[in-house]
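Now for the letters of each chain:
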Amino acid sequence: MTTLDDLPIRDDLRGRSPYGAPQKAVPVALNVNENTHPIPEAVAHDIVARVAAAILQLNRYPDREFSELRAAFARYLGHGLAADQIWAANGSNEVLQHVLQAFGGPGRTALGFAPTYSMYGLLSTGTGTAWVVGGRDDEFELTPETAVAAVREHDPDIVLLCSPNNPTGTPLSHETITAVVEAARGIVVVDEAYHEFADAGTPSALELLDGRPRLIVSRTMSKAFAFAGARVGYLAADPAVVDALRLVRLPYHLSALTQAAALAALAHSDEMLAMVDDIRGQRERISEELARLGFHPYRSGANFVLFGGVDDPAAVFTGLLERGILIRDVGLPGCLRVTAGTEAETTAFLEAIAGFAPGSASGAANRMDA
Ligand SMILES: Cc1ncc(COP(=O)(O)O)c(C=O)c1O
């Protein structure tokens, strides 16, 4: 049987592992930070109608510039943005890939702050960009001093700032972002995949775009918008950055069906985002309850919580899975990550995790069976 090793694969891909969050059919899936609330039925009907209309024209290539969609994203984001400042692709992963293709590549370096979103390293490798990491401060925070020191040390072509950070949930201050933009000579991406879940009044890095042509703010419809299956991500930046991304995208990369579905969803953004407050409430409930149980939840501005104080993360992960609850072992010692789900899903998780609470008698027994 042929194995990867027998193939003339690129040397820098040898021995690498693909992205691989487990995909399992379980009653309670809280592992990949999706919005676990389904799309409202009335909105779904409208999306179907718009996709159906697009199907009648599938003999033609779609609008390569997805002009209507870019205008709709600009309206949604506000901040005085215009359509020529917007880019979109099949998920923000592809948006980030375009950024790495245009501004990274062989001989160039991308910097992130570990632990951070695992795809940054994979996208860097895939585009031949060297991936380097700086550290974080206590509680996974990232101060301007720590971030700037790493920029000075590595002199990167691209800095990937995740705000709030996955997998830790840590919000990022404007002070850190502006200090990084000033210290770096390259592109600075602020990945705001989870921004809509931030506490009310939390400013977006979109506010910082004016006068900073090397700053990019990326967003996704996969999380708050409950549209992960449709694969739509987007960014806002200087129009010149958008021109650079046009050089690397495939022609017609956003299908007519994707454009129609995204436009329909954006036309209903209030209904699509209606569950965000509820999800934020469930996140707070998770943090409070985990702290009460003796775990150590980290500060989160996202729709998930990373918590420490777990004796044996692999055993607790398996113990929960046996009870039909899938969360994420992100490989951080003593930690697990859980997505805030519906109230019922959150209750199921909290009831099950109580059995693994540090020092609890049932926790000890559960740890033994798991
Ligand atoms: C921080 C962050 N950025 C980007 C993404 C990619 O999302 P998508 O490609 O679905 O837009 C994710 C997905 O989990 C993420 O956590």
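Given the structure is predicted, the values throughout are model-derived calculations rather than measurements.

## Details of the site of the ligand
- Near the ligand lie 13 residues; those nearest to it are Ser92, Asp191, Tyr194, Thr220 and Ser222.
- Residue Asn166 places a side-chain N or O atom 2.8 Å away from an oxygen atom belonging to the ligand.
- Within the complex, 94% of the 390 Å² of free accessible area of the ligand lies under protein.
- In this structure, the ligand is accommodated by the largest pocket.
- Residues that form the shell around the ligand fall into these classes: four nonpolar, six polar and three charged.

## Comments concerning unusual backbone geometry
- Following Ala114, the chain continues to Pro115 via a peptide bond in cis, the omega torsion being -5 degrees.
- With respect to the secondary-structure elements, Pro115 resides in the loop between β3 (109-113) and α4 (119-126).
- The backbone of Ala226 shows a phi angle near 55 degrees, a positive value even though the residue is not glycine.
- By the secondary structure assignment, Ala226 is in the loop between β7 (215-220) and β8 (233-236).

## Some details on empty space enclosed by the protein
- Per the counting criterion, the structure on display carries one cavity of 30 Å³ or more.
- The calculated volume of the largest cavity comes to roughly 40 Å³.
- Sorting elements by how many residues they give to the lining of the largest cavity places strand β5 (residues 158-162) first, with three residues.
- For the lining of the largest cavity, the class distribution of residues is six nonpolar, one polar and one charged.

## Here we look at the environment of Arg16
- Along the chain, the position of Arg16 falls in the segment before β1 (28-29).
- Sequence separation between Arg16 and Thr125 is 109 residues, and the spatial gap between their C-alpha atoms is 9.2 Å.

## Section: the pattern of salt bridges
- Using the criterion set out here, one finds 15 salt bridges in the structure.
- Residues Asp155 and Arg185 are paired through a salt bridge, measuring 2.9 Å at the closest nitrogen-oxygen approach. One end of the pair, Asp155, is in the loop between α5 (144-154) and β5; the other, Arg185, is in the loop between α6 (174-183) and β6 (187-191), and 30 residues separate them in sequence.
- By relative accessible area, Arg185 is classed as partly exposed at 46%.
- Its salt-bridge partner being Glu289, residue Arg292 comes within 2.7 Å of it at the nearest N-O pair. With Arg292 and Glu289 both in helix α10 (residues 276-292) and three residues apart, this pair spans about one turn of that helix.
- Residue Glu289 is classed as partly exposed on the basis of its relative accessible area, which comes to 23%.

## Some remarks on the UniProt feature "modified residue: N6-(pyridoxal phosphate)lysine" (unreviewed entry) in the protein
- When the UniProt feature table is mapped to this numbering, "modified residue: N6-(pyridoxal phosphate)lysine" (unreviewed entry) covers Lys223.
- With respect to the helices, strands and loops of the structure, Lys223 is situated in the loop between β7 and β8.
- Assessed through its relative accessible area of 14%, Lys223 is described here as buried.
- Once residues lying within four places of it in the same chain are set aside, the contact partners of Lys223 are Val32, Asn33, Asn35, Ala193, Tyr194 and Phe197.

## Considering the side chain of Thr127
- Inspection of the secondary structure puts Thr127 in the loop between α4 and β4 (130-134).
- Of the polar contacts made by the side chain of Thr127, one reaches the backbone oxygen of Leu123; its length is 2.9 Å.
- Engagement of the side chain of Thr127 in a polar contact is seen with the backbone oxygen of Ser124, the distance being 3.0 Å.
- If we skip the residues at most four places from it in the chain, Thr127 touches Gln97, Leu100, Gln101, Gly105 and Pro106.

## Things to note about the packing of helix α2 (residues 67-77) against helix α8 (residues 256-267)
- Relative to each other, α2 and α8 sit at 25 degrees, their axes nearing to 10 Å. Viewed along their axes, α2 and α8 adopt a mutual orientation that is roughly parallel. As for how α2 packs across α8, the hand of that crossing is left-handed. For the pair formed by α2 and α8, the contact residues are Glu68, Leu69, Ala72, Phe73 and Tyr76 on the first element and Gln259, Ala262, Leu263 and Leu266 on the second.
- By residue class, the composition of the contact of α2 with α8 is seven nonpolar, one polar and one charged.

## Topic: the layout of surface pockets
- Taken as a whole, the largest pocket spans an internal volume of roughly 770 Å³.
- A breakdown of the residues in the lining of the largest pocket according to their chemical character gives 15 nonpolar, 11 polar and eight charged.
- In terms of domain composition, the lining of the largest pocket takes at least three residues from each of domain 1 (22-37 + 275-369) and domain 2 (41-271).

About the cut-offs
- One numbering rule holds for all chains: residues counted from 1, following each sequence as written.
- Where totals are concerned, whole chains, interfaces and linings use all residues; where local detail is concerned, this predicted model gives features only for residues with pLDDT of at least 70, and gives and counts side-chain atom pairs only at 80 or more.
- Processing note: side-chain calculations cover all non-hydrogen atoms of the structure and skip hydrogens and water entirely.
- Whether a residue is near a molecule or strand depends on its heavy atoms: if one lies within 4 Å, it is near.
- The definition of a polar contact used here is a pair of N or O atoms within 3.5 Å, where within protein one atom must be able to donate a hydrogen and the other to accept one, and adjacent residues in sequence count solely through side-chain atom pairs.
- Accessible surface area values rest on a Shrake-Rupley calculation with a 1.4 Å probe, where residue burial reflects the displayed protein chains alone.
- Lining residues are defined by having an atom within 4 Å of a point belonging to a cavity or pocket. Those points lie on a 1 Å grid over the protein atoms alone, cavities being sets where a 1.4 Å probe fits but cannot get out and pockets being open sets with protein on both sides within 12 Å along at least five of seven lines.
- Whether a molecule lies in a cavity or pocket depends on its atoms, and more than half of them have to be within 2 Å of the grid points.
- Put simply, Ala, Val, Leu, Ile, Met, Phe, Trp, Tyr, Cys and Pro go in the nonpolar bin, Asp, Glu, Lys and Arg in the charged bin, and everything else, Gly too, in the polar bin.
- Counting from the N terminus, the helices are the DSSP runs of H or I reaching at least four residues and the strands are the DSSP runs of E reaching at least two.
- Grid points are joined across faces, edges and corners, and a volume is the space filled by probe spheres set on the points.
- We define a salt bridge as a side-chain nitrogen of Lys or Arg found within 4 Å of a carboxyl oxygen belonging to Asp or Glu.
- Think of it in three bands: with a 1.4 Å probe and only protein chains considered, a residue is buried below 20% of the maximum accessible area for its type, exposed above 50%, and partly exposed in between.
- UniProt positions are given in the numbering used here, feature names are shortened, and annotations may be inferred rather than shown by experiment.
- Throughout, a contact is declared for two residues whenever any of their heavy atoms are within 4.5 Å.
- For every element, the axis is a line fit to its C-alpha atoms; helices are fit only across the contacting stretch, and the angle between N-to-C directions ranges from 0 to 180 degrees.
- Here roughly perpendicular refers to angles of 65 to 115 degrees, roughly parallel to angles under 35, roughly antiparallel to angles over 145, and oblique to all remaining angles.
- Here is the rule for handedness: rotate from the far helix to the near one, and if that takes an anticlockwise turn smaller than a right angle the crossing is left-handed, while a clockwise turn gives right-handed.
- For the domains described, the bounds stem from an automatic or database domain assignment.

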